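Coordinate inspection notes
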Amino acid sequence: MRKRKRPPQHPDPARVTRMVRLRRWARRHRHDAVAHLLRGTCYGLGTGAVGLAFWWLQQQL
């Protein structure tokens, strides 16, 4: 005897709206997030380059 398939469970409407709001928020703020990520990466690379330059300069003296 075969088991009957269950119909798909529909998620709670409150959860759906929460997920929709989260997706909309992420879509709206994606550009800002990428800009902050790029800015942080540049700061990190700059700090590392300056630190490496000072270390190299100390080794030369």
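Preceding this section is the structure that the text describes.
Conventions we followed
Residues numbered from 1 in each chain as written. Predicted model: local features only at pLDDT ≥ 70, side-chain atom pairs only at ≥ 80, totals over all residues. Heavy atoms only, no water. Helix = DSSP H or I, 4+ residues; strand = E, 2+ residues; numbered from the N terminus. Buried < 20%, exposed > 50% of the residue type's maximum accessible area, 1.4 Å probe, protein only. Areas by Shrake-Rupley, 256 points an atom, 1.4 Å probe, with all protein chains shown as cover. Patch = residues over 30% accessible without salt bridge, like charges linked within 9 Å, V, L, I, M, F, W, Y side chains within 5 Å. Salt bridge = Lys/Arg side-chain N within 4 Å of Asp/Glu carboxyl O. Lys, Arg positive; Asp, Glu negative; His and termini not counted. Charge placed at Lys NZ, Arg CZ, Asp CG, Glu CD.

With that settled, the discussion passes to the overall build of the protein. Along its length, the protein carries 1 helix and 0 strands. Every one of the 61 residues in the protein was classed for burial, and the buried ones make up 0%. Entry remark: accessible area of the protein is about 6800 Å², with carbon and sulfur atoms responsible for 63%.

Attention now goes to a nonpolar patch on the surface. The grouping of Val-50, Leu-52, Phe-54, Trp-55, Trp-56, Leu-57 and Leu-61 at the surface amounts to a nonpolar patch, some 850 Å² of accessible area in total. Inspection of the secondary structure assignment puts Trp-55 in helix H1 (residues 13-60).

A contiguous patch of positive charge, built from Arg-23, Arg-24, Arg-27, Arg-28 and Arg-30, is present on the exposed surface. The residue Arg-27 is located in helix H1 in this model. Residue Arg-27 is classed as exposed on the basis of its relative accessible area, which comes to 54%.

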